Number of protein chains: 2
Amino acid sequence: MPDFSTIQKISFIGSGNLATNLALGLQKAGLRIVEVFSPDKSHARQFANLINCTVADHLESINTESDLYLIAVPDDAIEDVGRSLPQFNGIPAHTSGISSIKSLASAKNHGVFYPLQTFTLRRKVDLAHVPFFIEGSDNHVINALKVLAGKLSDNVREITSDQRKQLHLAAVFVSNFPNHLYSIAENILEEQGLGFDFLKPLIRETADKVSSVSPASAQTGPARRNDRNTLEKHLEMLEQYPEYRKLYQLISEQIKKKYHE
Amino acid sequence: MPDFSTIQKISFIGSGNLATNLALGLQKAGLRIVEVFSPDKSHARQFANLINCTVADHLESINTESDLYLIAVPDDAIEDVGRSLPQFNGIPAHTSGISSIKSLASAKNHGVFYPLQTFTLRRKVDLAHVPFFIEGSDNHVINALKVLAGKLSDNVREITSDQRKQLHLAAVFVSNFPNHLYSIAENILEEQGLGFDFLKPLIRETADKVSSVSPASAQTGPARRNDRNTLEKHLEMLEQYPEYRKLYQLISEQIKKKYHE
């Protein structure tokens, strides 16, 4: 039985925003990132330059001495990556919100190391309070990944693949979708020669207030008040944007229904 | 011509979250809040206790010595309030995002004093960087309101009623609607026995990142990647929530169209 108690050497498969942010955080926490593999060679070299590690030419020829292989690749590639890895004693673990732990079942010891956060190009994320969700093929793996995540964040928890999927779905609602709404607002203001900057204090306060008030009690706005005049004026103003109008109508209907029926 | 150059005494008509936050900020900035009127007497008394001012029994009998009458009432009541006010030399100004300055045209001097922010019960908002949008019936009024807003915030600008309406519409997209999405996520997680707390670092980072990256480049997630497997899995998971499913589908379609057509 290999000793997982202290993960020290880590390899990365994948070199995107998530991989880069994790690698920087792990390095800062004293871990050794030894190697990276990515089908996009120039991407892998960028990662290797930043982190100061080697680049593997093929998945099959990856260094087999690492304690952990963090797999941060598109979901539909995880299973293939798992099957293409050479024999080693280390743990392959994926970082996906939606893929089951079973997608790595071709390796005896395997796990999941999922940080619930959005990682964007050229933006370094502070991992200190990011929730890390852990799964493992057995208790040794679970403990090893928990200890590792604990070096990055004060917010580490073991959950099932099904719970992780629900968190991932919820994350789309609180991150990807609000960002799309920000982008609609940016378009509306641009058209008027008004800067998106004016909205930044409001965006921040809207996000901050749900840290102390539940979103259901924090709801404000014309739909919440069932203020028909304002709702009508807004819909008129949106006549030149049929798609934004449709979205405005659907969300407003849902808010009205929630608070006024 | 009354001297508007230095507003010192202020009365409030309306005693809700916006009025309370403004009054606290103005008081801290050295202004004197002398009186409040609200049709809801117990609400008015709460405001008066907090701010230490008198309560007017009727709109018609309001103290006529103030330099400014800040009107923070529902939009459809502004015009009536304007017409019911007694004769005075001070400026009535409303705080609405959507109402035209003309709704106060029954008074010779009048204006708009609109803070672009969300004000929620029992939450004190820092006004220092909140954008204040000013309109006035003439340059004296505009200058007086600009000087006043400048005592609260470093972000003061004169705009037209039409531009203000666009800002108000954009504000719904970046504040009221994201909050509704937060509340959907809370419901989904509750059903699974998972806490909304897990989403807070993600919500904060999503809001923070658009202060340095435009929302269009900050977009991430399955729809942005056109990741059909994940989109399908999420839609399956939403089968028990037909309304959330409809919203998920509409927003995802719009994101896919924007980045992949």
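Structure report, in brief. (Residues numbered from 1 in each chain as written. Chains lettered and ligands numbered in written order. Predicted model: local features only at pLDDT ≥ 70, side-chain atom pairs only at ≥ 80, totals over all residues. Heavy atoms only, no water.)

**Topic: the relation of the copies chain B and chain A**
Phase 1 of the analysis: When chain B is brought onto chain A, the operation consists of a screw motion whose angular component is 180° and whose axial shift is 0.0 Å, with 0.0 Å RMSD remaining. The superposition operator between the copies reduces to a two-fold rotation axis. Relative to the rotation axis, the closest C-alpha in chain B is found at P178(B), a distance of 2.5 Å.
Phase 2 of the analysis: Both copies present the same face, since 100% of the interface residues in chain B are matched by interface residues at the equivalent positions in chain A. (Least-squares fit on C-alpha atoms with pLDDT ≥ 70 in both. Contact = heavy atoms within 4.5 Å.)

**Looking at the sheet that holds strand β3 (residues 54-55) of chain B**
All names here are of chain B.
Phase 1 of the analysis: Read across the sheet, 8 strands follow the order β3-β2-β1-β4-β5-β6-β7-β8 without closing on themselves; strand pairing throughout is mixed. Looking at which strands have only one partner, the edges of the open sheet turn out to be β3 and β8 (156-158).
Phase 2 of the analysis: Where helix α4 (residues 139-150) meets the sheet, it contacts β1 (9-13), β4 (68-71), β5 (91-94), β6 (111-115), β7 (132-136) and β8, and its direction lies at approximately 160° from that of β7. (Pairing = 2+ DSSP bridges. Helix = DSSP H or I, 4+ residues; strand = E, 2+ residues; numbered from the N terminus. Axes fitted to C-alpha atoms, helices over the stretch in contact; angles between N-to-C directions.)

**Some thoughts on the packing of aromatic side chains**
Phase 1 of the analysis: For the structure on display, the rule yields 18 aromatic pairs over all chains.
Phase 2 of the analysis: With 3.9 Å between their ring centres and 10° between their planes, Y69(B) and F88(B) make a pair best called stacked. With a gap of 19 residues between them, Y69(B) in strand β4 and F88(B) in the loop between α3 (78-84) and β5 connect regions that are remote in the sequence.
Phase 3 of the analysis: Looking at Y69(B), the relative accessible area reads 0%, which means it is buried.
Phase 4 of the analysis: Judged by its relative accessible area of 17%, F88(B) is buried.
Phase 5 of the analysis: Each residue in the set Y114(A), F133(A) and F198(B) is aromatic and connected to the rest through ring pairs, giving one cluster. (Phe/Tyr/Trp six-rings, centres within 6.5 Å; stacked < 30°, edge-to-face > 60°. Buried < 20%, exposed > 50% of the residue type's maximum accessible area, 1.4 Å probe, protein only.)

**A look at the interface of chain B and chain A**
Phase 1 of the analysis: On the chain A side, the residues contacting the 89 residues of chain B number 89 residues.
Phase 2 of the analysis: Summed over both sides, the interface of chain B with chain A buries roughly 8900 Å², with 65% coming from carbon and sulfur.
Phase 3 of the analysis: The largest contributions to the chain B side of the interface with chain A come from F173(B), V174(B) and F198(B), which together make up 8% of the buried area.
Phase 4 of the analysis: Among the ionic pairs, R204(B) bridges to D208(A), the shortest N-O distance being 3.5 Å.
Phase 5 of the analysis: Going through the elements one at a time, α5 (161-191), α6 (200-209), α7 (215-218), α8 (222-225), α9 (228-237) and α10 (242-260) of chain B are the ones with two or more residues in the side of chain B that touches chain A. (Buried area = accessible area lost by both parts, 1.4 Å probe. Salt bridge = Lys/Arg side-chain N within 4 Å of Asp/Glu carboxyl O.)

**A word on the environment of V213(A)**
Phase 1 of the analysis: Looking at where V213(A) falls in the secondary structure, it is placed in the loop between α6 (200-209) and α7 (215-218).
Phase 2 of the analysis: Beyond its immediate stretch of four places on either side in the chain, V213(A) contacts A218(A) and R123(B).

**Observations concerning the nonpolar core**
Phase 1 of the analysis: By size, the foremost hydrophobic cluster in this structure holds 84 residues, and its most contacted members are F173(A) and F173(B).
Phase 2 of the analysis: Contact partners of F173(A), with chain neighbours within four places excluded, come to P178(A), L181(B), I184(B), A185(B), I188(B), L238(B), Y244(B) and Y248(B). (Core = buried A, V, L, I, M, F, W, Y, C linked by side-chain atoms within 4.5 Å.)

**As for the packing of α5(B) against α10(B)**
Residues and elements named next belong to chain B.
Phase 1 of the analysis: At a minimum axis separation of 12 Å, α5 and α10 run at an interaxial angle of 130°. What the angle tells us is that α5 and α10 run oblique. Here α5 and α10 pass one another in a crossing that is left-handed. Along its contact with α5, which presents H180, L181, I184, N187 and I188, the element α10 presents Y244, L247 and I251.
Phase 2 of the analysis: Looking at the contact of α5 with α10 residue by residue, the class counts come to 6 nonpolar, 2 polar and no charged. (Parallel < 35°, antiparallel > 145°, perpendicular 65-115°, else oblique. Left-handed = near helix turned anticlockwise from the far one by under 90°. Nonpolar A, V, L, I, M, F, W, Y, C, P; charged D, E, K, R; others polar.)

**Quick notes on the environment of G97(B)**
Residue and element names in this part refer to chain B.
Phase 1 of the analysis: With respect to the helices, strands and loops of the structure, G97 is situated in the loop between β5 and β6.
Phase 2 of the analysis: Overall, the relative accessible area of 5% leaves G97 in the buried class.
Phase 3 of the analysis: Between the C-alpha atom of G97 and that of L169, which follows or precedes it by 72 residues, the distance is 8.5 Å.
Phase 4 of the analysis: When sequence neighbours within four positions are dropped, the list of residues in contact with G97 reads Y114, R164, K165 and H168.

**Here's the deal with the sheet that holds strand β8 (residues 156-158) of chain A**
All names here are of chain A.
Phase 1 of the analysis: Strand order in the open sheet formed by 8 strands is β3-β2-β1-β4-β5-β6-β7-β8, and the pairing between neighbours is mixed. If you trace the sheet from one side to the other, it starts and ends with β3 (54-55) and β8, each paired once.
Phase 2 of the analysis: Two strands pair when backbone bridges link them, and strand β4 (residues 68-71) and strand β5 (residues 91-94) are joined in this way by 4 bridges, in the parallel orientation. By the bridge assignment, I71 is partnered in β5 with H94.
Phase 3 of the analysis: Against the sheet, helix α2 (residues 41-51) makes contact with β1 (9-13), β2 (32-37) and β3, and its axis sits at roughly 170° relative to β2, the strand it touches most.

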